[in-house]
Amino acid sequence: AQKITQTQPGMFVQEKEAVTLDCTYDTSDQSYGLFWYKQPSSGEMIFLIYQGSYDEQNATEGRYSLNFQKARKSANLVISASQLGDSAMYFCAMRERASGGSYIPTFGRGTSLIVHP
Amino acid sequence: ETGVTQTPRHLVMGMTNKKSLKCEQHLGHNAMYWYKQSAKKPLELMFVYNFKEQTENNSVPSRFSPECPNSSHLFLHLHTLQPEDSALYLCASSPLDKNTEAFFGQGTRLTVV
């Protein structure tokens, strides 16, 4: 069963506007962490922001913020004041326990964001 | 720069060749991972190593052979690959704590001809 769901294959936003990228997750753990990564065309996965399940405040990192709604199991990424350099793939991820006992980063399918000038 | 270095960045190999991908980190992480990213597909976990021991093998064909000689280095040995193995291969490392992020290398873009 898919643990991380990103329902938006592609999103477009005007430069300087805000955009929300959706992510829902499924876990039976009480303690877990949610992550967002950016992957530009060069291929590298760049860590953006982390939200812990027990964190009461929504995480923020500069222009990135995470809209965490625990009861709905959603962790949407909000990018404010979009810039042309924000055009990239964005992945939501969670570390979940695998059969061998390791906590493995598991990723959604990603959302392609294009910022228009 | 994430602290995880992958070499080579690009590789073209024939189906009968043998090559190796290298990943190196000096972040003090004890977990290392290989992922495969094909076009229009989600990231696929291939292998996981904790403290040099392989803990996960995600039903990967034997033509991919990982090696982890120490906690800082991870290799992926390739032999008799198929064209469908062409993809971006990403290495990552992390502390074992489940609430910490993984750090990724820049990937090796592999083309099998």
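Everything numeric in this text was worked out from a predicted model, so none of it was measured.

### Structural notes on the overall build of chain B
- A tally of regular secondary structure across chain B gives 0 helices and 11 strands.
- Across chain B, helices and strands are ordered from the amino to the carboxyl terminus as β-β-β-β-β-β-β-β-β-β-β.
- Here the C-alpha atoms of chain B give a radius of gyration of 13 Å, agreeing with the 13 Å that 2.2 N^0.38 yields for 113 residues.
- Across the 113 residues in chain B, those meeting the buried criterion constitute 48%.
- Contacts in chain B between residues far apart in sequence, at least 24 positions, make up 53% of those at least 6 positions apart.
- For chain B, the accessible surface area stands at approximately 5,200 Å², while carbon and sulfur atoms represent 50% of it.

### Observations regarding the sheet that holds strand S3 (residues 18-25) of chain B
Residue and element names in this part refer to chain B.
- In space, the 4 strands of this open sheet follow the order S1-S3-S8-S7, with antiparallel pairing throughout. Here the strands that pair on one side only, and so sit at the sheet edges, are strand S1 (4-7) and strand S7 (64-70). Pairwise comparison of adjacent strand axes, ignoring direction, gives a mean angle of 15° for this sheet.
- Judged from the 5 bridges that link them, S7 and strand S8 (residues 73-79) form a sheet pairing that is antiparallel. Of the residues in S8, the one forming a bridge with Phe-64 is Leu-78.

### Thoughts on the interface of chain A and chain B
- Taken together, the contacts link 27 residues of chain A with 28 residues of chain B.
- Buried area between chain A and chain B, both sides added, is near 2,100 Å², and the carbon and sulfur share of it is 51%.
- Considering only the side of chain A, the residues that lose the most area to chain B are A:Glu44, A:Met45 and A:Arg95, jointly responsible for 26% of the buried surface there.
- Taken together, the connections running from chain A to chain B amount to 10 residue pairs in polar contact (both at pLDDT 80 or more).
- Elements with a contribution of two residues or more to the side of chain A that touches chain B: strand S5 (33-39), strand S6 (46-52), strand S10 (88-97) and strand S11 (103-107) of chain A.
- Considered class by class, the residues forming the side of chain A that touches chain B number 12 nonpolar, 11 polar and 4 charged.

### Focus on the nonpolar core
- Counting residues in hydrophobic clusters, the biggest one holds 24 residues, and the most contacted among them are A:Tyr25, A:Trp36, A:Ile49, A:Leu77 and A:Tyr90.
- Top contributing element to this core by residue count: S10(A), with 4 residues.
- Core analysis: the next-biggest nonpolar cluster, separate from the first, contains 22 residues, B:Phe47, B:Leu78, B:Tyr89 and B:Cys91 among them.

### Considerations on the pattern of salt bridges
All names here are of chain B.
- Within this structure, the stated rule accounts for 4 salt bridges over all chains.
- Where Glu-24 meets Lys-22, a salt bridge forms, and the shortest distance between an N and an O atom there is 3.8 Å.
- Residues Asp-85 and Arg-63 are paired through a salt bridge, measuring 2.7 Å at the closest nitrogen-oxygen approach. With Asp-85 in the loop between S8 and strand S9 (87-94) and Arg-63 in the loop between strand S6 (53-57) and S7, this pair connects stretches of sequence that are 22 residues apart.

### A few points about the state of the cysteines
- The final tally for this structure, using the stated rule, is 2 disulfides over all chains.
- Paired by a disulfide, A:Cys23 and A:Cys92 hold their sulfur atoms 2.0 Å apart. The chirality of the disulfide connecting A:Cys23 with A:Cys92 is left-handed, given an S-S dihedral of about -65°. Note that A:Cys23 is positioned in the loop between strand S3 (19-21) and strand S4 (24-25) and A:Cys92 in strand S10, a separation of 69 residues in sequence. Note on accessibility: A:Cys23 and A:Cys92 belong to one class, buried.
- The disulfide partner of B:Cys23 is B:Cys91, and the gap between their sulfur atoms is 1.9 Å. As the torsion about the S-S bond is roughly -70°, the B:Cys23-B:Cys91 disulfide counts as left-handed.

Cut-off values and rules
- Residues numbered from 1 in each chain as written.
- Chains lettered and ligands numbered in written order.
- Predicted model: local features only at pLDDT ≥ 70, side-chain atom pairs only at ≥ 80, totals over all residues.
- Heavy atoms only, no water.
- Helix = DSSP H or I, 4+ residues; strand = E, 2+ residues; numbered from the N terminus.
- Rg over C-alpha atoms; globule rule 2.2 N^0.38 Å.
- Buried < 20%, exposed > 50% of the residue type's maximum accessible area, 1.4 Å probe, protein only.
- Contact = heavy atoms within 4.5 Å.
- Areas by Shrake-Rupley, 256 points an atom, 1.4 Å probe, with all protein chains shown as cover.
- Pairing = 2+ DSSP bridges.
- Axes fitted to C-alpha atoms, helices over the stretch in contact; angles between N-to-C directions.
- Buried area = accessible area lost by both parts, 1.4 Å probe.
- Polar contact = N/O pair within 3.5 Å; in protein donor to acceptor, adjacent residues only side chain to side chain.
- Nonpolar A, V, L, I, M, F, W, Y, C, P; charged D, E, K, R; others polar.
- Core = buried A, V, L, I, M, F, W, Y, C linked by side-chain atoms within 4.5 Å.
- Salt bridge = Lys/Arg side-chain N within 4 Å of Asp/Glu carboxyl O.
- Disulfide = S-S within 2.5 Å.

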